[in-house]
Amino acid sequence: QVQLVESGGGLVQAGGSLRLSCLASGSIFSINTMGWYRQAPGKQRELVAVITSGSSPNYADSVKGRFTISRDNAENTAYLQMNSLKPEDTAVYYCNADAVATMIGLDVKLVEVWGQGTLVTVSP
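Residues numbered from 1 in each chain as written. Predicted model: local features only at pLDDT ≥ 70, side-chain atom pairs only at ≥ 80, totals over all residues. Heavy atoms only, no water.

1. Comments concerning the nonpolar core
One recurring pattern in soluble globular proteins: nonpolar side chains tend to sit buried together. In this structure, Met-34, Trp-36, Leu-80, Met-82 and Tyr-93 are the most contacted members of the largest nonpolar core, which totals 33 residues. In terms of residues, this core owes the most to one element, strand E9 (residues 91-102), which gives six residues. (Core = buried A, V, L, I, M, F, W, Y, C linked by side-chain atoms within 4.5 Å. Buried < 20%, exposed > 50% of the residue type's maximum accessible area, 1.4 Å probe, protein only. Helix = DSSP H or I, 4+ residues; strand = E, 2+ residues; numbered from the N terminus.)

Structural data, given as structure tokens:
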């Protein structure tokens, strides 16, 4: 079992900053990819940022230059630093991980896990 817990959401004025955290726990052998997605009511879920082991991070065009994703491999934690926030950034932000989970004995399997989400509200 692998679980993700997000934190750091809240209410902020336009132009402000927030830092989101995503902690992975459970029977983890390794985490290949961690990413952040967001979804506003009635809208499609979209990729915000993703970071893969051995690769540089990727960002949605709408957040490029404002958001920064980082990862602490030792603690299985991902962060999303959000600067210069805009009202259109308002959404529930979800952490996602592609991980290799340990099973019985030395067996492993690739799993995709989602967190519960944390609400980010940016006021005008």
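2. Comments concerning the state of the cysteines
Taken as a whole, this structure holds one disulfide when the rule is applied. The side chain of Cys-22 participates in a disulfide bridge whose partner is Cys-95; the two sulfur atoms lie 2.0 Å from each other. Between Cys-22 and Cys-95 the sulfur-sulfur dihedral comes to about -85°; the bridge is accordingly left-handed. With Cys-22 in strand E3 (residues 18-26) and Cys-95 in strand E9, this pair connects stretches of sequence that are 73 residues apart. Accessibility classification places Cys-22 together with Cys-95 in one group, the buried group. (Disulfide = S-S within 2.5 Å.)

3. What about the sheet that holds strand E7 (residues 67-72)?
Reading across the sheet, the four strands line up as E1-E3-E8-E7 and stay open at both edges, with antiparallel pairing between neighbours. The sheet is open, and its two edges are formed by strand E1 (2-7) and E7, each paired on a single side. Neighbour-to-neighbour, the strand axes of this sheet turn through a mean angle of 15°, independent of strand direction. With six bridges joining them, E3 and strand E8 (residues 77-82) adopt antiparallel strand pairing. Considered in E8, the bridge of Leu-23 is made with Thr-77. (Pairing = 2+ DSSP bridges. Axes fitted to C-alpha atoms, helices over the stretch in contact; angles between N-to-C directions.)

4. Details of the pattern of salt bridges
Pairs can form between side chains of opposite charge once their charged atoms are near each other. Scanning all chains against the criterion turns up four salt bridges. In this structure, the salt-bridge partner of Arg-38 is Glu-46, at a minimum N-O distance of 2.7 Å. Glu-46 gets classed as partly exposed once you look at its relative accessible area, which sits at 35%. Among the ionic pairs, Arg-38 bridges to Asp-89, the shortest N-O distance being 2.9 Å. Pair noted here: Arg-38 is in strand E4 (residues 28-39) and Asp-89 is in the loop between E8 and E9, with a separation of 51 residues, a long-range link. In this structure Arg-38 comes out as buried when scored by relative accessible area, which is 6%. Taken together, the salt bridges that share partners define one network made up of Arg-38, Glu-46, Arg-66 and Asp-89. (Salt bridge = Lys/Arg side-chain N within 4 Å of Asp/Glu carboxyl O.)

5. Details of unusual backbone geometry
Unlike most non-glycine residues, Asn-76 shows phi in positive territory, near 50°. Summarising the element assignment, Asn-76 is placed in the loop between E7 and E8. According to the relative accessible area criterion, Asn-76 is partly exposed, its value standing at 24%.

6. Re the environment of Ser-25
When you line up the elements, Ser-25 lands in strand E3. Relative accessible area serves as the criterion here: at 31%, Ser-25 is assigned to the partly exposed category. Sequence separation of Ser-25 and Leu-4 is 21 residues, and the distance between their C-alpha atoms is 6.6 Å. Setting aside chain neighbours within four positions, we find Ser-25 in contact with Gln-1, Val-2 and Gln-3. (Contact = heavy atoms within 4.5 Å.)

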